[in-house]
Amino acid sequence: IVGGTTGGAGQFPHTFSLRTSGNAHFCGGYIISNRWVGSAAHCTLGRTLASTNSVVGTNHRTTGGVTHASARIVNHPSYNSNTLANDVSMVQTVTTITFNSLAQSIPLGSVHIGAGVSATATGWGETSAGSGATNLQFLTKLTLTNEDCRSRHSTTNAARVHDSTICTFLREGAGMCMGDSGGPLSAGGSVIGSVSWGIVCAQGFPDVFARISRWVYFAFNFKLILIFLLFLAIELG
């Protein structure tokens with residue numbers, strides 16, 4: 001995140017780090033339940049279980065926290081790598097995530113979010129060209145209508161703003177960067193978006209997130225909410 005603020009320990013306990021088997025951070029995400037985490041399909045597509053770990057309960061990019069190996073990776077079956085439509089994924093952990101002050105699940109927002117909503121993005125992405133964040137960063141921005149978002153992008157990039165995306169903007173010099181992909185955008189105690197794409201980094205264009213409410217469909221009585229098509233993929237897989 002460019003132009004963000006360093007988060008305190010336990011300030012964003014739902015945010016976690018996706019890392020390689022060598023403990024290198026490559027994307028962010030959010031904790032859905034004690035066995036499932038969410039991220040972006042472009043982060044997990046083509047990855048093996050052995051090379052994908054979820055590290056929860058730490059604000060540091062390389063140290064601390066608890067590492068959970070992956071039992072299953074489920075990318076949205078209609079994800080399009082060219083248009084970035086349906087850019088959502090879920091990872092099932094081998095071991096149960098223990099909830100405490102540093103690691104907590106977050107509800108998936110089921111209400112359509114319009115423009116002018118204050119929302120906070122979190123991530124360990126670059127804070128400037130070639131410089132990754134050591135500690136978790138956060139940035140609060142306002143949501144836009146999709147029409148406004150498209151008008152601020154080139155014609156080519158505007159075509160990648162779908163009904164299933166949500167955009168935010170603050171100012172030039174404040175926005176998402178490499179390594180923030182998959183990380184959560186939250187508002188009102190729920191995650192409403194997951195970092196999908198942007199014009200790197202913070203050059204004055206809106207950032208684009210997968211719109212979580214688009215896929216929220218099913219709720220278990222223990223507060224686990226699954227994304228509809230991903231739930232079907234799990235059941236039919």
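For the structure, check the block above.
What you are looking at is a predicted structure, and each value in this text was computed from that prediction instead of being measured.

(A) Fine view of the overall build of the protein. A tally of regular secondary structure across the protein gives four helices and 17 strands. Taken over the C-alpha atoms alone, the protein extends approximately 45 × 40 × 30 Å along its principal axes. Burial statistics for the protein: of 237 residues in total, 54% are counted as buried. Across the protein, contacts joining residues at least 24 apart in sequence account for 69% of those joining residues at least 6 apart. Element-wise, carbon and sulfur atoms account for 52% of the exposed surface of the protein, whose accessible area totals about 9,700 Å². With 13 positive and 9 negative side-chain charges, the protein shows a spacing of 7 Å between the two charge centroids.

(B) A look at unusual backbone geometry. Here valine 200 and cysteine 201 are connected by a cis peptide whose omega angle stands at -20 degrees. Relative to the elements of secondary structure, cysteine 201 occurs in the loop between β14 (190-197) and β15 (207-211). The phi torsion at asparagine 23 lies on the positive side, around 70 degrees, for a residue other than glycine. Topologically, asparagine 23 is positioned in the loop between β2 (15-19) and β3 (25-31). Exposure remark for asparagine 23: the relative accessible area of 31% places this residue in the partly exposed category. The residue alanine 202 is not glycine, and still its phi comes out positive at about 55 degrees. With respect to the secondary-structure elements, alanine 202 resides in the loop between β14 and β15.

(C) Examining the pattern of salt bridges more closely. Scanning all chains against the criterion turns up three salt bridges. Between aspartate 148 and arginine 152 there is a salt bridge; the shortest N-O distance is 3.0 Å. For aspartate 163, the salt bridge goes to arginine 150, with nearest N and O atoms at 4.0 Å. Pair noted here: aspartate 163 is in the loop between α3 (155-158) and β12 (165-169) and arginine 150 is in helix α2 (residues 146-151), with a separation of 13 residues, a long-range link.

So, how was this worked out
- Residues numbered from 1 in each chain as written.
- Predicted model: local features only at pLDDT ≥ 70, side-chain atom pairs only at ≥ 80, totals over all residues.
- Heavy atoms only, no water.
- Helix = DSSP H or I, 4+ residues; strand = E, 2+ residues; numbered from the N terminus.
- Buried < 20%, exposed > 50% of the residue type's maximum accessible area, 1.4 Å probe, protein only.
- Contact = heavy atoms within 4.5 Å.
- Areas by Shrake-Rupley, 256 points an atom, 1.4 Å probe, with all protein chains shown as cover.
- Lys, Arg positive; Asp, Glu negative; His and termini not counted.
- Charge placed at Lys NZ, Arg CZ, Asp CG, Glu CD.
- Salt bridge = Lys/Arg side-chain N within 4 Å of Asp/Glu carboxyl O.

As far as function goes, none of this settles anything; it's purely spatial.
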